[in-house]
Amino acid sequence: MAGRGGRGLALLEALRKQKEEQPGGTPQEPTAAPTPALPAVAPLPKGRAALFQALAGGARSLPGPPAPAAEPASPASASPAAPAPGGRGSLLASLARGVRPQVETPSSPGSVTSSVEEVTSSTAKLAVSEEREEKPPVIRKGETGKVIKASANFVRLGCEPGKGFFEYEVRFNPECDSKQICFRILNSVSDAFGRVKNFDGVVLYLPIKLPEQTTLIKAKHPVDGSDVTVKIMYKKTRRMGECTHFYNVLLSKIFRVLNFTRMGRQHYNPSASSTIPQHKLEIWPGYVTAIEEYEGGIMLNINASHRVLRQMTCYDVIKEALGRSRDNWQSVVTKDLIGACVLTRYNDKLYRVDDIGFDMSPQDTFPDRGGGETSFVDYYKKQYDITIRDLKQPLLISKEKKKTGPKRGEEAQPDKLICLIPELCNMTGLTDSMRTNFTLMKDIATYTRITPNQRQMALKKFIRSVKENPDAGKVLSDWGLTIEDSTVSFDARVVQSEKIVFGNNKEITVGPKADWSRDATNSAVLTAVDLMAWAIVYVQKDSNIARDFADTLVRVGKQMGIEVVKPTFLPLPSENTNAYVKVLRENIKPPLQLVVTICPSSRDDRYAAIKKITCADMPIASQVINSKTISRPDKLRSIVQKIALQINCKLGGALWAVKIPFDDFMVCGMDVYHDPTRKGASVTGFVASLNQPLTRWFSKVTFQTPGQELVDGLKLCLISALKKYHDVNGKFPDRIMMFRDGVGDGQLKYASEWEIPQLMSCFSIVSPTYSPKLTVVIVQKRINCRIFQQLGGNYDNPPPGTVVDHTVTRRNYYDFFLVSQFSNQGTVTPTHYIVIHDGCQMKVDHVQRIAYKLTHMYYNWPGTVRVPAPCQYAHKLAELVGKSIQKDYSDKLSDRLFFL
């Protein structure tokens, strides 16, 4: 009963039975006479079971705090009763307290207060008036900047007149406990409301509104032929914004009609695939889609996407490993396949390889649905008509992720393991070695790096295919949905170009490409730190490379205003990692400022060993260089110039600045690094500015284990940053602006309602009277929004500094999109900024300008970056600690950008 009718019906039935069992059978009506104060009673029961127990125990009211003595009736209280409370919950609460709700009462005074049918009918009437109040969208728009015509990859959806999304409750008399029987009964009477519906056993959604509030239909039971009355009660008309999940389900159905293959959350068209035979690759075109409610209404966000498939199976990978090394082939296969995403062509599904069963084979058996045993060989032959060739190959194991965890009180069930046959699994994605192959990546880019015009053509092609395919169009029209022919158009703004300040008060205005690499290498740095004691560690065969590097660094340093003396040369007898470790431990001592390590090849273990010593054990500024990088004389000078800038930062210097209009202002950045090899452990990187020009930064990391609250580490980082700011400036900042990366849409509410109050509690810990203003901005860069500049009938990438803060922004959030980089290849991706807490109460223009200014302040690149510099610094810090150091670094380096 409770499972079918919901909590409301179960509570009402319990109440009815309780009243029937009372002696005398007639409950006492409440009177208007004064009531004495009630004695103290137990706290309010929590949960449905406790409420049932209170009702079944004959309680006239729920336990609660002592009630005040009732006042005599006044003229005001004698007036007509207030409207009945809206919603089933308020009605049940009044019943439990013994208060008569404002519903029609039975004519017989000796009857029970209200039957279940009458209360249910009244609840339906209340629900009709309980239409969800539509909140206005959050509109926060800036005003400054040059207006340009723009578009984005969003398509408006509409609703045909007379259609919508109408919610009904369905009751069967006599009751029906089987959901499948309910479906069959309702389908048998669908002529009364149409074949198009969505029914879950109780709640019915229709695209049309029935003429009556309550519709009664006679039907026959599909099993015994007995009479059944179907009662369909109107509850509410849902807004389109409340139905986005259902609309996305319809969209998935459209892709199935169009014969697209679903991979994760994307859909791809295998029939339109392209092959790159020289690299044995296959590229599937497709789309990433989502229907959401935005400031400009309900829209479909659609973005062209591509999936790279390798024309080799996991079996081919295993054979290659056997060919390279028969002694440790299993470790090679494990490294190549664990964590890889594979595609099974027989059902076009993606799986992640979590383990390899080297002791298993296709001849092994597993329990079948008939209760017997069947081998993998027989299963694939019977189900897919596939003959497995190699009967001795190992099996791949994939763990099926559970969508939800165990319910309270239930034990966690073991993961479901899926065994896969290597020769039936195609590799997807690119390996690290492939990504470093310039020719291969260039060939792939010809298919995947598409221009704004090409992207618009792909979007319009999808819209046409939906409208021209009768079955796909019917999916939308059945529910009264319409889709426009083109993407939305709107006005965007381009904010003013920034001025970069170098040493000797030199200022330059950033050009249209947002790049100042020439000025950065030809100008004096803002704050120079002379390099008076440093050493170079290298293997003997790289002696000439090391000396050429040292001579070049001395020359380019003068041009940048940095004095560099000759280094101490520390040659190594071999390139063994232990040799590097030994010479570093022997030579790192005062007054040494910097150690440069030249490595003959790129090896993660050697790099990690060097960084652990120079960042944690014996803290000192360090620079690791691959000898191949500085081996070409024609490119040596330009490369050394960039290395010189990095070294100056690592020693505590500053390269350039932009004008910041605020004093006593601290900017923070945060990002999280997740290392898949450490079983879920993650590293949070945190940086905070220490001066007004935002050129000095404090950094700290925290390690987070699974289940640990992230905010615990954040509080520690923020308190440490505030104390360091006070040490440098002699006072605390008045305003704090935090840019936080690594927060998904599902975490926005948690971050806003839980983490921010926790962060604000840090201020009283620092000082009881300290109460600064705090603004928190979430930074999202992995988004599917693309913005185009409209130039007549063509589309191009918008210029750096383009801001969009309306139409395609979130309906219920203060947010905006910012294009900070120049791109002459492919389509530029904007960055999404969501202000979840605005304690500083800055103007919208100021928030947007601060975000844009900070994209100029990342010292590892003489140009703008996609995210504010503190976010990028936090990312680099967390990645270095998580990948290489894997423990906390020395506090002596916390006020330097040692992680660049």
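Residues numbered from 1 in each chain as written. Predicted model: local features only at pLDDT ≥ 70, side-chain atom pairs only at ≥ 80, totals over all residues. Heavy atoms only, no water.

Going by what an unreviewed UniProt entry lists, the protein is known as Piwi-like protein Ago3 isoform X2 and is assigned to Thrips palmi. Taken from UniProt, the Subcellular location (unreviewed entry) comment for the protein reads in full: "Cytoplasm". According to the UniProt record, the Sequence similarities (unreviewed entry) comment for the protein is "Belongs to the argonaute family. Piwi subfamily." (UniProt positions renumbered as here; feature names shortened; annotations may be inferred.)

**Some thoughts on the environment of Ser627**
Within the secondary structure, Ser627 sits in the loop between strand S28 (621-626) and helix H18 (633-650). The class for Ser627 is buried, based on a relative accessible area of 7%. For the pair Ser627 and Ser601, spaced 26 residues apart in sequence, the C-alpha separation works out to 7.1 Å. Leaving out residues up to four positions away in the same chain, Ser627 has contacts with Asp542, Ile545, Ile598, Cys599 and Pro600. (Helix = DSSP H or I, 4+ residues; strand = E, 2+ residues; numbered from the N terminus. Buried < 20%, exposed > 50% of the residue type's maximum accessible area, 1.4 Å probe, protein only. Contact = heavy atoms within 4.5 Å.)

**Quick look at helix H12 (residues 452-468)**
A rise of 1.5 Å per residue sets the reference length of H12, with its 17 residues, at 24 Å; its end C-alpha atoms lie 24 Å apart and thus fit the reference within 8%. All of the buried residues along H12 are Pro452, Arg455, Gln456, Ala458, Leu459, Phe462, Ile463 and Val466. In an axial view of H12, the angular spread of the buried residues amounts to 160°, which keeps them on one side of the axis. Exposed residues on H12 whose side chains face more than 90 degrees from its buried face are Met457, Lys461 and Glu468. (Expected span 1.5 Å × (residues − 1). Arc of directions from axis to C-beta.)

**Overview of the packing of helix H16 (residues 577-587) against helix H17 (residues 604-617)**
It is the contact of H16 with H17, at a shortest axis distance of 9 Å, that shows an interaxial angle of 15°. When the interaxial angle is binned, H16 and H17 end up roughly parallel. The two elements H16 and H17 cross, and the hand of that crossing is right-handed. Across from Thr577, Tyr580, Val581, Leu584 and Arg585 in H16, the residues of H17 making contact are Asp605, Arg606, Ala609, Ile610, Ile613 and Asp617. Class assignment for the residues of the contact of H16 with H17 results in six nonpolar, one polar and four charged. (Axes fitted to C-alpha atoms, helices over the stretch in contact; angles between N-to-C directions. Parallel < 35°, antiparallel > 145°, perpendicular 65-115°, else oblique. Left-handed = near helix turned anticlockwise from the far one by under 90°. Nonpolar A, V, L, I, M, F, W, Y, C, P; charged D, E, K, R; others polar.)

**Considering the state of the cysteines**
In the structure shown here, the tally under the stated rule is zero disulfides. Left without a disulfide partner, Cys176 is nearest to the cysteine sulfur of Cys182, which lies 3.4 Å away. Under the relative-accessibility criterion, Cys176 is labelled buried at 7%. (Disulfide = S-S within 2.5 Å.)

**Points about the sheet that holds strand S15 (residues 355-357)**
The three strands are arranged S15-S18-S19 in an open sheet whose pairing can be described as antiparallel. Whereas interior strands pair on both sides, the edge strands pair on one side only; in this sheet they are S15 and strand S19 (416-420). Looking at each pair of strands side by side, their axes are set apart by 35° on average, direction ignored. (Pairing = 2+ DSSP bridges.)

**Describing the packing of aromatic side chains**
Applying the stated rule across the entire model yields 36 aromatic pairs. Pairwise contacts between aromatic rings join Tyr346, Phe366, Phe376, Tyr379, Tyr380 and Tyr384 into one cluster. Over the ring of Tyr814 we find Arg140, and its NZ or CZ is 4.2 Å from the ring centre. If you follow Lys209 out to its NZ or CZ, it ends over the ring of Tyr234, 4.5 Å from the centre. (Phe/Tyr/Trp six-rings, centres within 6.5 Å; stacked < 30°, edge-to-face > 60°. Lys NZ or Arg CZ within 6 Å of the ring centre and 35° of its normal.)

**Some details on the nonpolar core**
Formed by 90 residues in total, the largest nonpolar core has its most connected members in Trp534, Phe549, Leu553, Phe739, Tyr859 and Tyr873. It is helix H23 (residues 869-885) that contributes the most residues to this core, eight residues altogether. When residues are assigned to domains, this core turns out to be shared by domain 3 (528-651) and domain 4 (659-785 + 834-886), each giving three or more. Filtering out sequence-adjacent residues up to four positions away, Leu553 remains in contact with Leu531, Trp534, Val564, Val640, Ala644 and Ile647. Among the nonpolar cores identified, the runner-up in size contains 34 residues, and Val202, Ile302, Val466 and Val475 belong to it. (Core = buried A, V, L, I, M, F, W, Y, C linked by side-chain atoms within 4.5 Å. Domains from an automatic or database assignment.)

**Quick notes on the pattern of salt bridges**
One pass over the full model with this rule turns up 33 salt bridges. Between Asp385 and Lys381 there is a salt bridge; the shortest N-O distance is 3.1 Å. In this structure, the salt-bridge partner of Asp519 is Lys506, at a minimum N-O distance of 3.9 Å. Taken as a pair, Asp519 in helix H14 (residues 517-522) and Lys506 in the loop between strand S23 (499-501) and strand S24 (507-509) lie far apart in primary sequence, 13 residues in all. Salt bridges linked by common partners bring Glu167, Lys235, Arg238 and Glu242 together as one network. (Salt bridge = Lys/Arg side-chain N within 4 Å of Asp/Glu carboxyl O.)

**Structural notes on the pairing of strand S2 (residues 154-159)**
Looking down a regular strand, the side chains alternate between one sheet face and the other. Note that S2 and strand S12 (residues 297-313) share three bridges and pair antiparallel. The partner of Arg156 across the bridge, within S12, is Met299. Relative to strand S21 (residues 481-483), S2 runs antiparallel, the two being bridged by three bridges. Along S21, the bridge assignment pairs Leu157 with Ile483.

**Remarks on the pairing of strand S27 (residues 594-599)**
Within S27, six of the six residues are buried, leaving the element largely enclosed by the surrounding structure. Burial along S27 is two-sided: Leu594, Val596 and Ile598 and Val595, Thr597 and Cys599, pointing in opposite directions, are all buried. The pairing of strand S25 (residues 534-539) with S27 spans four bridges and is parallel. Within S27, the position partnered with Ile536 by the bridge is Val596. With six bridges connecting them, S27 and S28 associate as parallel partners. Residue pairing across strands places Leu594 opposite Ala621, the latter belonging to S28. Handedness of the crossover is the feature at issue here: the chain leaves S27, passes through H17, returns alongside S28, and the resulting connection is right-handed. (Right-handed = clockwise from strand over helix to strand, strands pointing away.)

**Let's talk about the packing of helix H7 (residues 314-324) against helix H8 (residues 329-337)**
Running from N to C, H7 and H8 cross one another at 140°; their axes reach a closest spacing of 9 Å. Of the two possible hands of crossing, H7 and H8 adopt the one that is right-handed. Taken together, the residues of H8 that come into contact with H7 (itself represented by Cys314, Val317, Ile318, Ala321, Leu322 and Arg324) are Trp329, Val332, Val333, Asp336 and Leu337. Class assignment for the residues of the contact of H7 with H8 results in nine nonpolar, no polar and two charged.

**Section: the sheet that holds S28**
Pairing is parallel across the open sheet formed by four strands, whose spatial order is S26-S25-S27-S28. Only two strands of the sheet have a single partner each, and these edge strands are strand S26 (568-572) and S28. Taken over all neighbouring pairs, the strand axes of this sheet differ in orientation by 20° on average, direction set aside. Running at roughly 155° to S25, helix H15 (residues 543-559) makes contact with S25, S26, S27 and S28 of the sheet. Docked against the sheet, H17 engages S27 and S28, running at close to 165° with respect to S28.

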